[in-house]
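# Structure at a glance
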Amino acid sequence: MSGSPVRRADVEELVVAYRADLAAAGMFAAHPVTSVARTFFTRIGVDGWARLPLSEQCALPLKDRRVVGWLIVTGRVRPSPDYLVACRPYLGEVAAHHHRVFHARFSARSAELGFDRVVTRLQWSALVKVAAVAGLTPEQLTKTTIQAGREALVAAIGRHRPGSHGAKALSAALFGAQTTLFHLGLLDAPPRKTNRDRSAQRAAAWASVPPRLASTLTGYIAQTRLSLRPSTMVRVEGVLREFAGWLALNAPAVGCVADLHRAHIEAYKLHLATRPSARGGALTKTSLAEHLGALRTCFERLTEWGGDDVPARVLVFSGDLPVRDEPLPRFLDDAAFTKLLQATRADPDPFVRLCVEFLARTGLRKGEFLDLTVDSVVQIGAAYWLHVPLGKLRNDRYIPLHPQLKDLLDQWLARRPAGLRSRYLFVEHGQRIRHNRVDRAVAKVAAAAGIGHVSPHRLRHTLATQAINRGMSLEAIAALLGHRSMRMTMVYARIANRTVAEEYFTVSEKVEALYDAPKTLPANAEGTEMTRLRREMHARMLGNGYCARPVGLDCHFESICESCTFFQTTIEFRPTLQRQRDDADTKGQVGRKKIFDGLLARLDDAAS
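So, here's what we can say about the structure. (Residues numbered from 1 in each chain as written. Predicted model: local features only at pLDDT ≥ 70, side-chain atom pairs only at ≥ 80, totals over all residues. Heavy atoms only, no water.)

### Focus on the overall build of the chain
When helices and strands are tallied, the chain shows 28 helices and seven strands. Of the contacts formed within the chain by residues at least 6 apart in sequence, a portion of 61% connects residues at least 24 apart. Accessible surface, the chain as shown: approximately 35200 Å² in total, 56% of it carbon and sulfur. (Helix = DSSP H or I, 4+ residues; strand = E, 2+ residues; numbered from the N terminus. Contact = heavy atoms within 4.5 Å. Areas by Shrake-Rupley, 256 points an atom, 1.4 Å probe, with all protein chains shown as cover.)

Next up, the structure:
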C-alpha cells in the first residue's frame, strides 16, 4: 500500500483538490496539512481505505480521519453506515466548511422556523450522514434517499449501540431536517409522522381465515371504504378481522358467511365481554356496541346487496347491542371558566393564549381549529367572520369573529416566517401543530387555574351552555356549533331548561313561604279563609239588609234587591225600610210602596 518516493499524479491531483477546498472554506491549507493528506493518499489511498476492516478504519489517527472526512463530504468515498455509527466522525463540521453556502441557507431557514441552534446543528449532522451513505451532497437528497439512509443508519445503531436512544434521536433530527428542506423548496412535501406499519400482521391474520369467508368480508371492506372516512374504516376492518380470526380458531366449520348461525354470534358476544381491552380491563359499553354494530351493519349490507355468500338469517338484533349511557356534556361553570381565562391570558406562550381563547369563544372542534388556513378570516361589511372548513360532519360554516380574537390572530400572523410553505394557520417549526399540542395547551392553563383536568372539547360544551343560559336560541347555537340536526343541539337544552327553572323557582318561593311563616299568630291575625269570608260578607251587605244569593249564581235584579227571594233583613233595618216606604208613598210609587209594606209587616210579625 506504500507508494514510491516519486510523486504520483493521482495523489497530487487529490492533494491539489484538498488544498483548494480548504482554502475555499477559509481553513488552513499550508504544507503541514497537505503533507498529511499526501502521505495518506500515498500510503493508504481512497480504495485502500474502503477495503480496510471497520476496526482499522476507526483506529486511524485523527489527522488521517480528517482527510477521510473530506473524502466523504466531497463524495469521493462512500462510507458504510457501520463506520458512521461506530467511529462517529465529525462530518457535520467538515461539511459545514465545504458546503458553506448551502449550510448558511439551511441554518438561516431552520432558525426562521424556530429551531434552536443546537437542534439545527443536530439536523445538519444527521443530514450529512444520510448524504454520505447515499454518496450525494445534502442539497441533492430526496425523500426516498433520506428514508433509505435513515433505515440503514438505524440498523447500524442496533448493531453497535443496542438499547441506546440513538435511533430515536436520529429520526427526530432527520424529521426536522426534512421540514427545513421542504421550506427551502428542495422537497415536494413536508415529512409526516407515520404509525408503525402493521400491514404484514393484518395480511397474516386474514391469511389464517377460510378463503371464502375472507373474500366476502374483505370485499365488503373494499366497498365501504369508498364511502366512509379512513379513520372509520380502520375500526371496521379491525372488527371484521378479529371476528374472522375468532371464527377460524373457535368455529373451524364456518367457511363462509352463509355458514354462520345465531349460536356463533352469542358465543362471540360472551368472548367480547371477557376479553381485555387495549388499555387493560374489560371493554366498555361503547366498545361492545361498536363491535356488534359493525357486525350487524356488515351482515345487513351483504343481505341487501345479494350475492353468492350472504347470511341465511338475521344474526345480530338491536337487542344485542348494550344500551349506552347518555350523560350530559361536561362544562365549566362561570367561576371555573373565569379562572381558566385569567390563567390563559397570563401564560407566556403565545400559542397557548390564542388556542384556549379561540376554543372558548368559538366552540370549534379541535380538528376544525387546526384545519384553519391563513385565509380563514374574511370581512363582511364592518365585521370579521371566520370560515370554518369542512369538519366532522362534512360541512363548513361562517361564524362571527370577536374583535379580541382578531387581534390575537393578527399577532400570531405577524410572527409567521415569510417563506413558510404551508397554507395552514397554526404552524410551529415548519410543521402543522398537532392535536396533542392543543391538549397540552388546555391542560396547562387548567392546571394553572386549579380547576382540574379540562379537555378542548369541554370548552365547546361550555360555550354552548353559556349561550343557552343567556337566552341564545337553539337555532343560532346549532349554526354556531355546526350541528347537522337540532337533535344534537337539544342536548344542551337538557342542561339549561329555562321553563323548568322558572317554574321551579316559582314553586320554591311558595314552599319557602310556608317554612318561613311565624310559629305563633298575633291576636289580631286572621287566616286566609277568614279574610275571604270577611271580604265576601262586606260585599253582600246592603243598606237595608243582606244578599243571601249563592256565589255561583248570577244576579238578575241588581238594583231591586227588595223584591228578590234571596233578600233578607232584620229588625235593626226597620227605620230604613219605613223611610223607603214613605218615600215611595210620597212619589206615588204604588208597587214599590207595596213591597216595603210587606217587608215591614213581616218584621212586625217576627218581632211580636
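Next, the rest of the story.
### With respect to the nonpolar core
Counting 51 residues, the largest nonpolar core has Phe40, Phe41, Trp49 and Leu181 as its most contacted members. If one sorts the elements of this core by residue count, helix H9 (residues 117-134) sits on top with eight residues. Setting aside anything within four residues of it in sequence, one finds Leu181 in contact with Phe102, Phe106, Leu127, Ile146, Leu186 and Leu187. Leu386, Phe426, Val438 and Leu463 belong to the second-largest nonpolar core, a separate cluster that totals 39 residues. (Core = buried A, V, L, I, M, F, W, Y, C linked by side-chain atoms within 4.5 Å. Buried < 20%, exposed > 50% of the residue type's maximum accessible area, 1.4 Å probe, protein only.)

### As for the pattern of salt bridges
By the definition in use, this model includes 29 salt bridges. Lys269 is the partner of Asp320 in a salt bridge, and the nearest nitrogen-oxygen pair spans 3.0 Å. On the criterion of sequence distance, the pair formed by Asp320 in the loop between helix H16 (285-305) and helix H17 (334-345) and Lys269 in helix H15 (residues 262-274) is long-range, its members being 51 residues apart. Residue Asp320 is classed as buried on the basis of its relative accessible area of 8%. Across the pair Asp597 and Arg581 runs a salt bridge whose closest N-O atoms are separated by 2.9 Å. In this pair, Asp597 is assigned in helix H28 (residues 590-607) and Arg581 in helix H27 (residues 574-586), connecting sequence segments 16 residues apart. By relative accessible area, Asp597 is classed as partly exposed at 27%. In this structure, a network of salt bridges that share partners links the residues Arg581, Asp582, Asp585, Lys593 and Asp597. (Salt bridge = Lys/Arg side-chain N within 4 Å of Asp/Glu carboxyl O.)

### Remarks on the environment of Val378
Within the secondary structure, Val378 sits in strand E1 (residues 377-380). The partly exposed category is assigned to Val378, whose relative accessible area is 25%. Spatially, the C-alpha atoms of Val378 and Leu401 are 9.3 Å apart, while their sequence positions differ by 23 residues. Not counting residues up to four positions away in its chain, the partners in contact with Val378 are Ala383, Tyr384, Trp385 and Tyr398.

### Considering the packing of H15 against H16
One can describe the packing of H15 onto H16 by two numbers: an axis separation of 10 Å at closest approach and a directional angle of 155°. Viewed along their axes, H15 and H16 adopt a mutual orientation that is roughly antiparallel. For the crossing formed where H15 meets H16, the hand is right-handed. Residues Ile265, Tyr268, Lys269, Leu272 and Ala273 of H15 pack against Leu288, His291, Leu292, Leu295 and Phe299 of H16. Taken together, the residues that form the contact of H15 with H16 break down as eight nonpolar, one polar and one charged. (Axes fitted to C-alpha atoms, helices over the stretch in contact; angles between N-to-C directions. Parallel < 35°, antiparallel > 145°, perpendicular 65-115°, else oblique. Left-handed = near helix turned anticlockwise from the far one by under 90°. Nonpolar A, V, L, I, M, F, W, Y, C, P; charged D, E, K, R; others polar.)

### Details of the pairing of strand E2 (residues 383-388)
As paired elements, E1 and E2 share four bridges and run antiparallel to each other. Of the residues in E2, the one forming a bridge with Ile380 is Ala383. Count of turn residues in the E1/E2 antiparallel hairpin: two residues, of which Gly381 carries a positive phi of about 70°. When E2 meets strand E3 (residues 397-400), the two strands line up antiparallel, connected through four bridges. (Pairing = 2+ DSSP bridges.)

### Some points on the state of the cysteines
Evaluation of the coordinates by the stated rule reveals one disulfide. In this model Cys58 forms its disulfide with Cys87; the gap between the sulfur atoms is 1.6 Å. Taking the sign of the torsion about the S-S bond as the criterion, the disulfide between Cys58 and Cys87, at about -80°, is left-handed. In this pair, Cys58 is assigned in helix H4 (residues 54-59) and Cys87 in the loop between helix H6 (81-86) and helix H7 (91-98), connecting sequence segments 29 residues apart. Relative accessible area serves as the criterion here: at 14%, Cys87 is assigned to the buried category. (Disulfide = S-S within 2.5 Å.)

### Thoughts on the side chain of Arg365
With respect to the helices and strands, the residue Arg365 is situated in the loop between helix H18 (350-362) and helix H19 (366-370). Side chain to side chain, Arg365 and Glu368 meet in a polar contact 2.6 Å long. (Polar contact = N/O pair within 3.5 Å; in protein donor to acceptor, adjacent residues only side chain to side chain.)

### What about the sheet that holds E3?
Taking strand neighbours across the sheet as the criterion, the three strands line up as E1-E2-E3 in an open arrangement whose pairing is antiparallel. Pairing within the sheet leaves two strands with one partner each, and these edge strands are E1 and E3. Along the sheet, successive strands turn relative to each other by an average axial angle of 40°, direction set aside.

### A word on the packing of aromatic side chains
To describe a pair of aromatic rings, you give the distance between the ring centres and the angle between the ring planes. Under the defined criterion, the tally for this structure stands at 18 aromatic pairs. Seen from their ring centres, Phe41 and Trp70 are 6.4 Å apart, and the 55° between their planes marks the pair as tilted. On the criterion of sequence distance, the pair formed by Phe41 in helix H2 (residues 31-43) and Trp70 in helix H5 (residues 62-73) is long-range, its members being 29 residues apart. A single burial state applies to Phe41 and to Trp70, both of which are buried. Members of the aromatic cluster, each reached through a chain of ring pairs, are Phe351, Phe358, Phe369, Trp412 and Phe426. Stacked on the ring of Phe175, the Lys or Arg Lys193 has its end atom at 5.6 Å from the ring centre. If you follow Arg423 out to its NZ or CZ, it ends over the ring of Tyr424, 4.6 Å from the centre. (Phe/Tyr/Trp six-rings, centres within 6.5 Å; stacked < 30°, edge-to-face > 60°. Lys NZ or Arg CZ within 6 Å of the ring centre and 35° of its normal.)

### Brief notes about the packing of H17 against H18
As a packed pair, H17 and H18 sit with axes 8 Å apart at the nearest point and diverge in direction by 150°. Between H17 and H18, the interaxial angle falls into the category roughly antiparallel. H17 and H18 meet at a crossing whose hand is left-handed. Between H17 and H18, the residues in contact are Phe337, Leu340, Leu341, Thr344 and Arg345 and Val352, Arg353, Val356, Glu357, Ala360 and Arg361, respectively. Looking at side-chain class alone, the contact of H17 with H18 contains six nonpolar, one polar and four charged residues.

### Considering H2
Taking 1.5 Å of rise per residue, the 13 residues of H2 would be expected to cover 18 Å, and the 18 Å separating its terminal C-alpha atoms lies within 8% of that figure. Of the residues trailing H2, Gly45 is marked for its positive phi of about 85°. (Expected span 1.5 Å × (residues − 1).)

### Here's the deal with a positive patch on the surface
Side chains of Arg196, Arg198, Arg202 and Arg225 sit close together on the surface and give a patch of like positive charge. Of note, Arg198 is situated in the loop between helix H11 (166-183) and helix H12 (199-207). (Patch = residues over 30% accessible without salt bridge, like charges linked within 9 Å, V, L, I, M, F, W, Y side chains within 5 Å. Lys, Arg positive; Asp, Glu negative; His and termini not counted. Charge placed at Lys NZ, Arg CZ, Asp CG, Glu CD.)

### Remarks on the side chain of Thr120
With respect to the helices and strands, Thr120 occurs in helix H9. If near-sequence neighbours (up to four positions away) are discounted, Thr120 is found in contact with Phe106, Ser107, Ser110 and Phe115.

### Section: unusual backbone geometry
Positive phi, close to 50°, is recorded for Arg88, a residue that is not glycine. Looking at where Arg88 falls in the secondary structure, it is placed in the loop between H6 and H7. We note that His429 has phi near 55°; this positive angle belongs to a residue other than glycine. Residue placement: His429 occurs in the loop between strand E4 (427-428) and strand E5 (431-432). On the basis of relative accessible area, His429 is assigned to the partly exposed category, the value being 39%.

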